[in-house]
Amino acid sequence: MDILEKIVADKRKEVELRKALIPTSQLEQSVLFERPTVSLANNLRNSASGIIAEHKRRSPSKSIINNSLNVQDVAKGYEDAGVCGMSVLTDGKYFGGSLDDLLTARASCNLPLLRKEFIIDEYQILEAKAYGADVILLIAAILTRNEIKQFSEFAKSLHLDVLLEVHNEEELHKSVMPSLDMLGVNNRNLKTFEVSLETSKLLSTIIPDDFVKVSESGISNIKAIKELQPYGYQGFLIGENFMKTDNPGESATQFIKEIEL
Ligand SMILES: O=P(O)(O)OC[C@@H](O)[C@@H](O)c1c[nH]c2ccccc12
C-alpha cells in the first residue's frame, strides 16, 4: 500500500466514526450554514499576486514544519499580507490539523477558506460548510469520475467553490467537467513526494481556458511564480515556505511585495 492509499483507508474509517457521532442534521444547524460564501476563483481572477497561503503544521514528507504558531495569528497575518485565500489542513493524523483549525481561521479573518482534506464522502463537504469553508479540494488521484461529479455538484449546491487537483494527464482527462471552478496541478507526487514545477508547465497546455489554473506545492521563491505565470497560472498555493518561518504573515507580506515589483 502506498502512502496515499494508507491515508485514504484511514480517512474512510475516520469519516464513518464521525458520521456516527454527529448526524448531518446537526451540521446543517451550524450558523455558518447561512453565511454567504466568498469565491476564491473570483479573487484569483482579479489579483496580481494570486497567492493562496496555507496553514500546515506538519506533513508526511517533511514531518514537523512548525508547531509553535496559533491559527488565529497565521490567519490574520495572511489576511494583512493581502493573500487571495487561505488553505487550512484539517487532516489530523498526517498533517496535524483539525476542523477546529478551520473554525478558528473562520473566526479570525474574512479570507475565502479552503478546507484542505482528503474528501471521499459528501459528509466531509457538509462539515466543510458547517466549519466555515468557502472552497473544497477534490483530489483526482483518489476519486472516480462519478465521485468527482457527485461531490462537485453537491459542493456547488452549497455555494462552495471547487478546486480539483491533478498530477498527470490521465487524471486531468478523467476530471474535466463544468462543476469545477479551479484546476490545481500538484507539483508534488503524493505517492513519492517528488516535487517538480515542470508538472505545472507540462499540464498547463491541456487545461481548458474556462478554469482558473492553480499551481500547488514546492513554490519557494518569486522566480517560480514568474516562471509559471506565462503558462497561464493565476493561483499559487504555498504552504511550507511561509509556515517554516516564525511569522508566516510577515513572510507572505514580503513575498507579495516582491511579486508586485
Ligand atoms: O508546502 P508546499 O510545498 O508549499 O505545498 C502546499 C500544498 O500545495 C500542499 O500542502 C498540498 C497540495 N495538495 C495537497 C493534498 C493534500 C495535502 C496537502 C496538499
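What counts, and where the lines are drawn
Residues numbered from 1 in each chain as written. Predicted model: local features only at pLDDT ≥ 70, side-chain atom pairs only at ≥ 80, totals over all residues. Heavy atoms only, no water. Helix = DSSP H or I, 4+ residues; strand = E, 2+ residues; numbered from the N terminus. Expected span 1.5 Å × (residues − 1). Buried < 20%, exposed > 50% of the residue type's maximum accessible area, 1.4 Å probe, protein only. Arc of directions from axis to C-beta. Contact = heavy atoms within 4.5 Å. pLDDT = per-residue confidence, 0-100. Pairing = 2+ DSSP bridges. Right-handed = clockwise from strand over helix to strand, strands pointing away. Disulfide = S-S within 2.5 Å. Salt bridge = Lys/Arg side-chain N within 4 Å of Asp/Glu carboxyl O. Core = buried A, V, L, I, M, F, W, Y, C linked by side-chain atoms within 4.5 Å. 1 Å grid on protein atoms, 1.4 Å probe; cavity = no way out; pocket = protein on both sides within 12 Å on 5 of 7 lines; lining within 4 Å. Points joined across faces, edges and corners; volume = space filled by probe spheres on them. Nonpolar A, V, L, I, M, F, W, Y, C, P; charged D, E, K, R; others polar.

Draft legend 1. Spatial organisation of helix 12 (residues 248-260). Taking 1.5 Å of rise per residue, the 13 residues of helix 12 would be expected to cover 18 Å, and the 18 Å separating its terminal C-alpha atoms lies within 8% of that figure. Listing the buried residues of helix 12 in full gives Pro248, Gly249, Ser251, Ala252, Phe255, Ile256 and Ile259. Down the axis of helix 12, the buried set is contained in an arc of 155°. They therefore lie on one face. The elements touched by buried residues of helix 12 are strand 1 (51-55), helix 4 (71-81), helix 10 (222-228), strand 10 (233-238) and helix 11 (240-243).

Draft legend 2. Up close: the confidence of the model for the protein chain. On average, residues of the protein chain carry a pLDDT of 97, and 100% of them reach 70 or more. Our summary of model confidence lists the complex with pTM equal to 0.97 and ipTM equal to 0.99.

Draft legend 3. Geometry of the pairing of strand 6 (residues 135-139). Summarising burial for strand 6: five of the five residues are buried, a large majority. Here strand 5 (residues 113-116) pairs with strand 6 via two bridges, running parallel. Opposite leucine 114, over in strand 6, you have valine 135 as the bridge partner. Handedness of the strand 5-helix 6 (residues 122-130)-strand 6 crossover: right-handed. For strand 6 and strand 7 (residues 161-166), the ladder comprises five bridges, and the chain directions are parallel. Looking at the pairing, isoleucine 136 lines up with valine 162 of strand 7. A crossover links strand 6 with its parallel partner strand 7, the connecting element being helix 7 (residues 145-157), and its sense is right-handed.

Draft legend 4. A look at the state of the cysteines. Considering all chains together, one arrives at zero disulfides under this definition. The thiol of cysteine 84 is unpaired, and the distance to the nearest cysteine sulfur, on cysteine 109, comes to 13 Å. The exposure class of cysteine 109 is buried, given its relative accessible area of 3%.

Draft legend 5. Spatial organisation of the pattern of salt bridges. On inspection of all chains with the given rule, the structure shows 24 salt bridges. For lysine 6, the salt bridge goes to aspartate 10, with nearest N and O atoms at 3.2 Å. Taken together, the positions of lysine 6 and aspartate 10, both in helix 1 (residues 3-21) and four residues apart, correspond to about one turn of that helix. Relative accessible area serves as the criterion here: at 35%, lysine 6 is assigned to the partly exposed category. You can call aspartate 10 buried: its relative accessible area is 15%. If you follow the salt bridges from partner to partner, you end up with Lys11, Glu14, Arg18, Asp91, Arg115, Glu117 and Glu127 in one network.

Draft legend 6. Expanded view of the nonpolar core. Counting 86 residues, the largest nonpolar core has Ile51, Tyr78, Val83, Met86, Ile136 and Met182 as the members making the most contacts within it. Contacts of tyrosine 78, omitting those with residues within four sequence positions, involve Ala53, Glu54, His55, Val83, Met86, Leu111, Phe242, Met243, Pro248, Gly249 and Ala252.

Draft legend 7. View of the layout of surface pockets. Estimated volume of the largest pocket: approximately 520 Å³. Along the walls of the largest pocket sit 33 residues, with Glu54, Lys56, Asn186, Arg188 and Ser217 positioned nearest its centre. Listing elements by their share of the lining of the largest pocket, those giving two or more residues are helix 1, strand 6, strand 10 and helix 11. Per element, the largest residue contribution to the lining of the largest pocket is three residues, and it comes from helix 1. Looking at side-chain class alone, the lining of the largest pocket contains 15 nonpolar, eight polar and 10 charged residues.

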